[in-house]
Amino acid sequence: VIPFEASCPACGAHVQFKTGSSIVVVCDYCNSVVARGDRKLEDLGKVADLVETGSPLDVGLKGSYRGAAFELTGRAQLGHQAGGVWDEWYAAFEDGRWGWLAEAQGRFYITFQQTLPGQSLFPPFEMLELGQPVAAIPGPVQFMVAEKGVARQLGAKGEIPYKLTPGEEYHYADLSGPRGEFATLDYSQMPPLLFTGLEVELYDLGISPSVRAREREARRVEAIHLSCPQCGGPLDLRAPDKTERVTCPNCASLLDVNQGRLKFLKALDPGKVIPVIPLGSEAEFGGIRFTVIGFMQRSVEFDKRYYWEEYLLYNPQEGFRWMVRSDDHWNFVEPLPPGAVSDKGKSAVFNGKRFKLYQDAEARVEHVLGEFYWKVMVGEAVRAADYIRPPDMLSKEVSTVVSAEVAELPAGKAKRGARKTARPAETGEINWSLGTYVKPREVEKRFGISDLPRPSTVAPNQPFPYKGIYLYWLWLMIAAIVVGIALMITGSGRQVFERTYQLQPLAGAEATHVIFSDPFELEPRKNIKVTARAEVDNTWLYAEGDLIEEATGLVQAFSIPVEYYHGVEDGESWSEGGKTASVHLSSLPAGTYTLRLEVSWERWQQPQQLGIKIEQGVPRALHFFLMLLLLSLIPLAVAIYQFSFEKRRWQDSDYSPFS
Amino acid sequence: MLAKIYLLVGIIIIALYGLVTLTGREFGDTERQIVPADVRHSPGGYRSFHFWHSGYRGGK
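Residues numbered from 1 in each chain as written. Chains lettered and ligands numbered in written order. Predicted model: local features only at pLDDT ≥ 70, side-chain atom pairs only at ≥ 80, totals over all residues. Heavy atoms only, no water.

## Remarks on the overall build of chain B
Here is step 1: Across its full length, chain B holds three helices and one strand.
Here is step 2: Along chain B, helices (α) and strands (β) appear in the sequence α-β-α-α when read from the amino end.
Here is step 3: Among the 60 residues that make up chain B, the fraction classed as buried is 28%.
Here is step 4: About 4100 Å² of surface is accessible on chain B, with carbon and sulfur atoms providing 66% of the total. (Helix = DSSP H or I, 4+ residues; strand = E, 2+ residues; numbered from the N terminus. Buried < 20%, exposed > 50% of the residue type's maximum accessible area, 1.4 Å probe, protein only. Areas by Shrake-Rupley, 256 points an atom, 1.4 Å probe, with all protein chains shown as cover.)

## Observations concerning the packing of helix α5 (residues 621-649) of chain A against helix α1 (residues 2-23) of chain B
Here is step 1: At a minimum axis distance of 9 Å, the contact between α5(A) and α1(B) shows a crossing angle of 170 degrees. When the interaxial angle is binned, α5(A) and α1(B) end up roughly antiparallel. In contact with His623(A), Phe624(A), Met627(A), Leu630(A), Leu631(A), Ile634(A), Pro635(A) and Val638(A) of α5(A), α1(B) contributes Leu2(B), Tyr6(B), Gly10(B), Ile13(B), Ile14(B), Tyr17(B) and Val20(B).
Here is step 2: Residue composition of the contact of α5(A) with α1(B), by class: 13 nonpolar, two polar and no charged. (Axes fitted to C-alpha atoms, helices over the stretch in contact; angles between N-to-C directions. Parallel < 35°, antiparallel > 145°, perpendicular 65-115°, else oblique. Contact = heavy atoms within 4.5 Å. Nonpolar A, V, L, I, M, F, W, Y, C, P; charged D, E, K, R; others polar.)

## Examining the packing of aromatic side chains
Here a ring pair, both rings aromatic, is described through the centre-centre distance and the interplanar angle of the planes.
Residue and element names in this part refer to chain A.
Here is step 1: Within the structure shown, the criterion is met by 33 aromatic pairs over all chains.
Here is step 2: For the ring pair phenylalanine 125 and tyrosine 187, a centre distance of 5.5 Å and an interplane angle of 75 degrees mean the geometry is edge-to-face. Of the two residues, phenylalanine 125 sits in the loop between β10 (107-114) and β11 (144-160) while tyrosine 187 sits in the loop between β13 (181-186) and β14 (193-200), which places them 62 residues apart along the sequence.
Here is step 3: A relative accessible area of 1% means that tyrosine 187 is categorised as buried.
Here is step 4: An aromatic cluster is defined as three or more aromatic residues linked by ring pairs; in this entry it consists of Tyr314, Phe320, Trp322, Phe372, Tyr373 and Trp374. (Phe/Tyr/Trp six-rings, centres within 6.5 Å; stacked < 30°, edge-to-face > 60°.)

## Points about the pattern of salt bridges
It is possible for side chains bearing opposite charge to pair when their charged atoms get close.
All names here are of chain A.
Here is step 1: One pass over the structure, following the stated rule, counts 33 salt bridges over all chains.
Here is step 2: Where glutamate 42 meets lysine 163, a salt bridge forms, and the shortest distance between an N and an O atom there is 3.4 Å. A residue pair is termed long-range when its members are at least 10 positions apart, and glutamate 42 in strand β5 (residues 41-46) and lysine 163 in the loop between β11 and β12 (169-176) qualify at 121 residues.
Here is step 3: For glutamate 42, a relative accessible area of 32% translates into the label partly exposed. (Salt bridge = Lys/Arg side-chain N within 4 Å of Asp/Glu carboxyl O.)

## Thoughts on the interface of chain A and chain B
Often, the extent of an interface is quoted as the loss of accessible area on bringing the components together.
Here is step 1: Taken together, the contacts link 54 residues of chain A with 39 residues of chain B.
Here is step 2: Of the roughly 4200 Å² buried between chain A and chain B, counting both surfaces, carbon and sulfur atoms make up 63%.
Here is step 3: Where chain A touches chain B, the interface holds one salt bridge.
Here is step 4: In this structure, the salt-bridge partner of Glu26(B) is Arg620(A), at a minimum N-O distance of 2.9 Å.
Here is step 5: When residues of the side of chain A that touches chain B are traced back to their parent elements, those giving at least two are α4 (468-490), β35 (539-549), β36 (554-569), β37 (572-577), β38 (580-585), β39 (591-601) and α5 of chain A.
Here is step 6: At eleven residues, the largest contribution of residues to the side of chain A that touches chain B is made by α4(A).
Here is step 7: Across the side of chain A that touches chain B, the residue classes break down as 30 nonpolar, twelve polar and twelve charged. (Buried area = accessible area lost by both parts, 1.4 Å probe.)

## Looking at the sheet that holds strand β34 (residues 528-534) of chain A
Residue and element names in this part refer to chain A.
Here is step 1: Here four strands make up an open sheet; going across it, the order is β31-β40-β34-β38 and the pairing antiparallel. The outermost strands of the open sheet, each flanked by one partner alone, are β31 (494-503) and β38. Strand-to-strand twist of the sheet, defined as the mean angle between neighbouring strand axes without regard to direction, takes the value 15 degrees.
Here is step 2: Sheet topology places β34 next to β38; six bridges connect them, and they run antiparallel. Bridging across to β38, alanine 532 finds its partner in alanine 581. (Pairing = 2+ DSSP bridges.)

## Comments concerning the environment of Lys445(A)
Here is step 1: Structurally, Lys445(A) is set in helix α3 (residues 440-447).
Here is step 2: For the pair formed by Lys445(A) and Ala283(A), sequence separation is 162 residues and the distance between their alpha carbons is 8.7 Å.

## Quick look at the nonpolar core
Residue and element names in this part refer to chain A.
Here is step 1: One finds Leu547, Leu610, Ile612 and Ile614 to be the most contacted residues of the largest nonpolar core, which totals 32 residues.
Here is step 2: Looking at this core, the elements with two or more residues in it are β31, β33 (520-522), β34, β35, β36, β38, β39 and β40 (608-616).
Here is step 3: If one sorts the elements of this core by residue count, β39 sits on top with five residues.
Here is step 4: If we ignore the near neighbours within four places in the chain, the residues touching isoleucine 614 are Gln495, Val496, Phe497, Phe520, Ile528, Lys529, Val530, Leu547 and Leu595.
Here is step 5: If you look at the next biggest cluster of nonpolar residues, it comprises 30 residues, including Leu128, Ala340, Ala348 and Tyr387. (Core = buried A, V, L, I, M, F, W, Y, C linked by side-chain atoms within 4.5 Å.)

## What about a nonpolar patch on the surface?
Here is step 1: On the surface, Leu626(A), Leu629(A), Leu630(A), Leu633(A), Ile634(A), Met1(B), Ile5(B), Val9(B) and Phe27(B) cluster together into a nonpolar patch covering about 840 Å² of accessible area.
Here is step 2: Of all the secondary-structure elements, those providing two or more residues to the nonpolar patch are α5 of chain A together with α1 of chain B.
Here is step 3: The leading source of residues in the nonpolar patch is α5(A), at five residues.
Here is step 4: Position of Ile634(A) among the secondary structure elements: in helix α5. (Patch = residues over 30% accessible without salt bridge, like charges linked within 9 Å, V, L, I, M, F, W, Y side chains within 5 Å.)

## So, the pairing of β40(A)
All names here are of chain A.
Here is step 1: The element β40 is largely enclosed, with a buried count of seven among its nine residues.
Here is step 2: The pairing of β31 with β40 spans nine bridges and is classified as antiparallel. Bridged to arginine 494 within β40 is glutamine 616.

## Some points on unusual backbone geometry
All names here are of chain A.
Here is step 1: Of note, the bond from methionine 190 into proline 191 is cis; its omega dihedral lies within 30 degrees of zero at -5 degrees.
Here is step 2: Topologically, proline 191 is positioned in the loop between β13 and β14.
Here is step 3: For the peptide bond that leads from proline 390 to proline 391, omega is 5 degrees, which places it in the cis range.
Here is step 4: Checked against the element boundaries, proline 391 lands in the loop between β28 (381-389) and β29 (392-403).
Here is step 5: Even without glycine at this site, asparagine 31 takes up a positive phi of about 65 degrees.

Everything listed here is a matter of geometry and, on its own, says nothing about what the molecule does.
This is the structure in structure tokens:
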């Protein structure tokens, strides 16, 4: 492509269109936006100076995306209605395509314009609903509306592939997909323009982070030292390229930050809340060092007002995180792409995991301290819902604004057949974050502080501390069953004696019949089971027995009552006992034994029959089940405690499964 | 911590079960004694301890 060179219509300076398909170029000297038409150049007006955002990108930087080389030819800076700016970089690909590379809060999103025959099916801006899918976008990815807003063209540089009009405002909707997919509906014209793409890392763009990392580090880490316009006292901005609001540490004034200039907004109550983690403290999470730059107290109201604290953490490369303290419980909170979470009814799903709704209320900002990346105000309220799956908590915050000013915005660029919106338009955004429970002592360790108050309640996402016992219980039960089966299989049960005795009537009720058996051999380390069988029917027989080793005189005594009763009572038959009874004895030393039995029975006047059987190495189901019972006692106690723990967890929720 | 203690206790319980089974131990055994042969062989000189002192009063 042969560069098209001309003079700026505003200042006469040299301007150059290096890319054949670019529409405008920004004059390096006077910031005029110069558009090339069919016959002559057109001056579209002057753009503001670019705000330093510490971006690692620059016009002229080359890279490649999915095998296609590109060069960043231009940059536009757009203003957000809630304050702050974001950058859009324009990538001219060697295959003739244009890519839109958006950069906001350290994240990058590359998108490409889609030309679709069905674009007219896209709903008008005011019909889009936050959190709802946009069915008109074809393809397998389901995009949901993450943000509806108004963008204002502020600064620009280089060559840009559309007719950028300085100061122009237009509606847009940012859409988010489940796996980092990103899309934008640009309502600067109707039907809206659709851009789809992905959230990417610099690595994905073929741009080595090391190219600009040192420069970016130098720019960002250096705090800016300023003076409070209210009291004149010194204050530092730790994230000068991101901060929109800051409080003065000397007079507690809330100040607006605009490109390093401070403006007094409001005097805050200085001693209202004191953060337990001092501003400026540093801690490492996941190998990344964060600095506490802001502190905020928020509240919700149910039967009374509940307060919690949020500490804003900042790392120049990674952006923002939060530490949240509620009832002395702590959570480390990371932002999530809104499309990665789907919520319906009383549950939300993230990464295939289902979270339960715990709380849904209006959260209000009560107190602020330090720096914030948005125009925070005391009293600012958002709709907040928490979903729990210990140790994690998903939080959704929805902020909406219905603005008359917004409603008056043109829904399309004037020169492209714009029309006025007919009714008030709602703007706002939906933010999802993932909180992970952190124990207070870990917070102390990470931040190098001590004596944090300990919680006395159960947090919504506090993990049950003894859950690991259940897994151990399962392992132990499997091991116990395997051991039990192995011992039963390998145990050599054998019968060592059996005999049936015919007993003559006794001389009297107190008389006994004594029997001596023939000798038999007993093996060592095997239990002994003696079984007696008698023909008893609604009566009893009682045998006192001794196993006697003739050689040593060792006597092992035992007793066996055999009784069997049955009958009919109130028309129902019943029975108790049986004609057989047995007793288990511990193993005896190996040797030759005789059995001595001394028998009496209730109907002593009648003869009786007594069968005796002696076995060794008999499997004991009782011992096996006793072992299983013992193994289950502690888990059972833990389960009872967990029930109480879970009830306490849900006691402050309107969605408790226990109510 | 409790989980690890439980795991240890559980292993001990299974080990005890194995030991009891392999050595043929039973719980609640009646007493064992040495009765010399001359005592056992003398007429009327030997009775089972429990029977002598308690007898049996079974019945429904």
